[in-house]
Amino acid sequence: MSSTKDIDALIELMAKLPGLGPRSARRAVLHLIRKRALLFTPLADLMGDVARAARECLNCGNVGTTDVCDICTSEKRGNGQLCVVEDVADLWAMERAGVFKGRYHVLGGTLSALDAVGPDELRIPKLIDRVTSEEITEVILALNATIDGQTTAHYIADQLDGQVTLTSLAQGVPIGGELDYLDDGTITAALNARKAL
Ligand SMILES: [Zn+2]
């Protein structure tokens, strides 16, 4: 048996991570081995813990380590505003910008006739429930400027018509752009200049 078999396997797994290729993975693994006590062991322990505990929030779809996430349980975030995003990465991008003080709803994708994704495959029924049960006054649609994103925004707007104020993020979100790729200032500007639908 080769003495580097497990290390090779580790490099191969690391190389599958977004942003890493085989070369970066080799460098990362070598770095971890050299920083065993300071980095490697704590990282490995934490990865094991998170791998076991990570789950989707039953209310909004955010990813955390409890059944209902901190944003959903925080009284302070219950200000009547609900921001609808496609993906958890978009929620994290909005939080990084630090400008939005309400709660979120993660759809888990967009409607797509081509891929046979309908409203029930996304968290749209749950969204409609929450608007009533959490006394939501404004729904902010922060969906990507793709065709599927905009189709989904129109579908949700139709479903909620007359029940709440509906707004969407303003110009600044590039066509086909994802929130996760925007800098914090652009997200802040797009939220502050949001427009009524
Ligand atoms: Zn939540």
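Our structure is the block above this text.
Criteria and thresholds
- Residues numbered from 1 in each chain as written.
- Predicted model: local features only at pLDDT ≥ 70, side-chain atom pairs only at ≥ 80, totals over all residues.
- Heavy atoms only, no water.
- Donors = N, O, S within 2.8 Å, 3.2 Å for Na, K, Ca; no water.
- Tetrahedral: all angles 85-135°; square planar, octahedral: opposite > 155°, others 65-115°.
- Pairing = 2+ DSSP bridges.
- Helix = DSSP H or I, 4+ residues; strand = E, 2+ residues; numbered from the N terminus.
- Contact = heavy atoms within 4.5 Å.
- Axes fitted to C-alpha atoms, helices over the stretch in contact; angles between N-to-C directions.
- Buried < 20%, exposed > 50% of the residue type's maximum accessible area, 1.4 Å probe, protein only.
- Arc of directions from axis to C-beta.
- Polar contact = N/O pair within 3.5 Å; in protein donor to acceptor, adjacent residues only side chain to side chain.
- Right-handed = clockwise from strand over helix to strand, strands pointing away.

Student: Would you mind going over the coordination of the zinc ion with me for this structure?
Tutor: Four donors placed tetrahedrally around a metal ideally meet at 109.5 degrees, and six donors placed octahedrally ideally meet at 90 or 180 degrees. Those protein atoms acting as donors to the zinc ion are Cys57 (SG), Cys60 (SG), Cys69 (SG) and Cys72 (SG), and they sit at 2.3 Å. Of note is the zinc ion, whose four donor atoms meet at the metal with angles of 106 to 115 degrees in an arrangement that counts as tetrahedral.

Student: Even after reading the chapter, I still don't get the sheet that holds strand S5 (residues 138-141), so can you show me in this structure?
Tutor: What links the strands of a sheet is backbone hydrogen bonding, and the strands pair in either a parallel or an antiparallel sense. Read across the sheet, five strands follow the order S4-S3-S5-S6-S7 without closing on themselves; strand pairing throughout is mixed. Of all the strands in the sheet, the pair left with one neighbour each is strand S4 (103-106) and strand S7 (195-196). For strand S3 (residues 81-85) and S5, the ladder comprises four bridges, and the chain directions are parallel. Paired with Gln81 across the two strands is Glu138, which belongs to S5. Against the sheet, helix H5 (residues 88-97) contacts S3 and S4, and its axis sits at roughly 160 degrees relative to S4. Where helix H6 (residues 124-133) meets the sheet, its contacts fall on S3, S4 and S5, and the angle it forms with S4 comes to roughly 160 degrees.

Student: Looking at this structure, how should I read helix H8 (residues 184-192)?
Tutor: Residues spaced three or four apart along an α-helix point in a common direction, a consequence of the helix completing one turn every 3.6 residues. Along H8, the residues classified as buried are Ile187, Ala190 and Leu191. Seen along its axis, H8 keeps its buried residues to an arc of 100 degrees; they face one direction. Of the surrounding elements, those touching the buried residues of H8 are H5 and S5. The residue sitting at the N-terminus of H8 and contributing the capping side-chain oxygen is Asp183; that oxygen lies 3.0 Å from the backbone nitrogen of Gly185.

Student: Please clarify how the pairing of S3 should be interpreted in this entry.
Tutor: Both faces of the sheet carry side chains from a regular strand, because those side chains alternate between them. Counting buried positions along S3 yields five of five residues, so the element is predominantly enclosed. Taking every second residue as pointing to the same face, both faces of S3 are buried, with Gln81, Cys83 and Val85 on one and Leu82 and Val84 on the other. By the bridge criterion, four bridges tie S3 to S4 in an arrangement that is parallel. The residue bridging Leu82 from the neighbouring strand is Arg103, located in S4. Handedness of the S3-H5-S4 crossover: right-handed.

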